[in-house]
Amino acid sequence: MGRSRYKIIEKRNPHFITCTTVNWLSLFRSKAIANILFESLTYLQSNDRITLYAYVIMENHIHMILSSEMLSREIANFKSFTARKIIDFLHEKKANHILKLLNYYKLQHKKDRRYQLWQEGSHPQAILNEEMMIQKIEYIHNNPVKCGYVDMPEHWRYSSARNYTGMESLLEISRF
């Protein structure tokens, strides 16, 4: 797959971001692995490196709306850190089959590593107005419903839909 032509155009604007595992491997079914994503996002928030408006973690990808002064760098840091932590976790659990897949689907030009967890790019789309923000938040929150995992968006534990309905959630957000 070639390099993405999507670019972060306005650093101050929130952006809709998607990060996907290589070959759409269903790694985030594991609560322990999903928690690595939560811990990383919490760290970035608590250190004022990102502002998170909405998110959903699915079995093989994560959608987010976030902003940052250095968004490209923070997304790269998020992906690099979580990949390292997840690969270390897989080694610890002796998940050799998954590690073999992460090696097999690694892009050939990635000579500096043995495994690749994330697909290249994050397809950033600048949120330019309130209408677009609402549309992207609804898309994110309805992702588990569309997949048939739940009947209502707030029933998906790994989503900010819970924040927007006043329910207890796993991750704090900045409400739109």
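Residues numbered from 1 in each chain as written. Predicted model: local features only at pLDDT ≥ 70, side-chain atom pairs only at ≥ 80, totals over all residues. Heavy atoms only, no water.

Attention shifts here to the sheet that holds strand S3 (residues 61-67). If you walk across this open sheet you meet the 4 strands as S2-S3-S1-S4, and the pairing is antiparallel. One side of each edge strand has no neighbouring strand; the edge strands of this open sheet are strand S2 (51-57) and strand S4 (125-126). Judged from the 6 bridges that link them, S2 and S3 form a sheet pairing that is antiparallel. Looking across to S3, one finds that alanine 54 is bridged to isoleucine 65. (Pairing = 2+ DSSP bridges. Helix = DSSP H or I, 4+ residues; strand = E, 2+ residues; numbered from the N terminus.)

What follows is about the environment of alanine 161. In this fold, alanine 161 is placed in helix H5 (residues 161-164). Taking the relative accessible area as the measure of exposure, alanine 161 reaches 3% and is therefore buried. Placed 135 residues apart in sequence, alanine 161 and serine 26 show a C-alpha to C-alpha distance of 22 Å. Filtering out sequence-adjacent residues up to four positions away, alanine 161 remains in contact with His141, Pro153 and Glu154. (Buried < 20%, exposed > 50% of the residue type's maximum accessible area, 1.4 Å probe, protein only. Contact = heavy atoms within 4.5 Å.)

On to unusual backbone geometry, then. Across the chain, the bulk of peptide bonds are trans and the bulk of non-glycine residues have phi less than zero. Phi at asparagine 23 is positive, roughly 50 degrees, even though this residue is not glycine. On the secondary structure map, asparagine 23 appears in the loop between strand S1 (15-20) and helix H1 (31-46). Since its relative accessible area comes to 43%, asparagine 23 is described here as partly exposed.

Before going further, it helps to examine the packing of aromatic side chains. In the structure shown here, the tally under the stated rule is 8 aromatic pairs. Considering the side-chain rings of tyrosine 149 and tryptophan 156, the 5.3 Å spacing of their centres and the 20 degrees angle between planes classify their relative orientation as stacked. For tyrosine 149, a relative accessible area of 36% corresponds to the partly exposed category. Taken together through their ring pairs, the aromatic side chains of Phe38, Tyr55, Tyr149, Trp156 and Tyr158 make up a single cluster. (Phe/Tyr/Trp six-rings, centres within 6.5 Å; stacked < 30°, edge-to-face > 60°.)

Right, let's talk about helix H2 (residues 71-92) for a bit. End to end, H2 covers 31 Å across 22 residues, agreeing with the expected 32 Å (1.5 Å per residue, within 8%). When we look at burial in H2, the residues that qualify are Leu71, Glu74, Ile75, Phe78, Lys79, Thr82, Ala83, Ile86, Ile87, Phe89 and Leu90. Here the buried face of H2 lies against S1, H1, S3 and helix H3 (96-104). Looking at the residues trailing H2, positive phi occurs at lysine 94, about 55 degrees. (Expected span 1.5 Å × (residues − 1).)

Counted by the stated rule, this structure contains 6 salt bridges. The closest approach of N and O atoms between arginine 29 and glutamate 59, which form a salt bridge, is 3.1 Å. Placement of the pair is arginine 29 in the loop between S1 and H1 and glutamate 59 in the loop between S2 and S3, with a sequence separation of 30 residues. Owing to a relative accessible area of 61%, arginine 29 belongs among the exposed residues under this scheme. In the salt-bridge network here, residues are joined through shared partners; they are Arg49, Arg73 and Glu74. (Salt bridge = Lys/Arg side-chain N within 4 Å of Asp/Glu carboxyl O.)

Of all 6 residues making up S1, 6 are buried, and the element is well covered by its neighbours. Residues His15, Ile17 and Cys19 line one face of S1 and the alternating positions Phe16, Thr18 and Thr20 line the opposite face, and both faces are buried. Where S1 meets S3, 6 bridges bridge the pair, whose relative direction is antiparallel. Bridge pairing in S3 links isoleucine 17 to methionine 64. Strand direction decides the pairing type here: S1 and S4, joined by 2 bridges, are antiparallel. Across the sheet, phenylalanine 16 pairs through a bridge with glutamine 125, a residue of S4.

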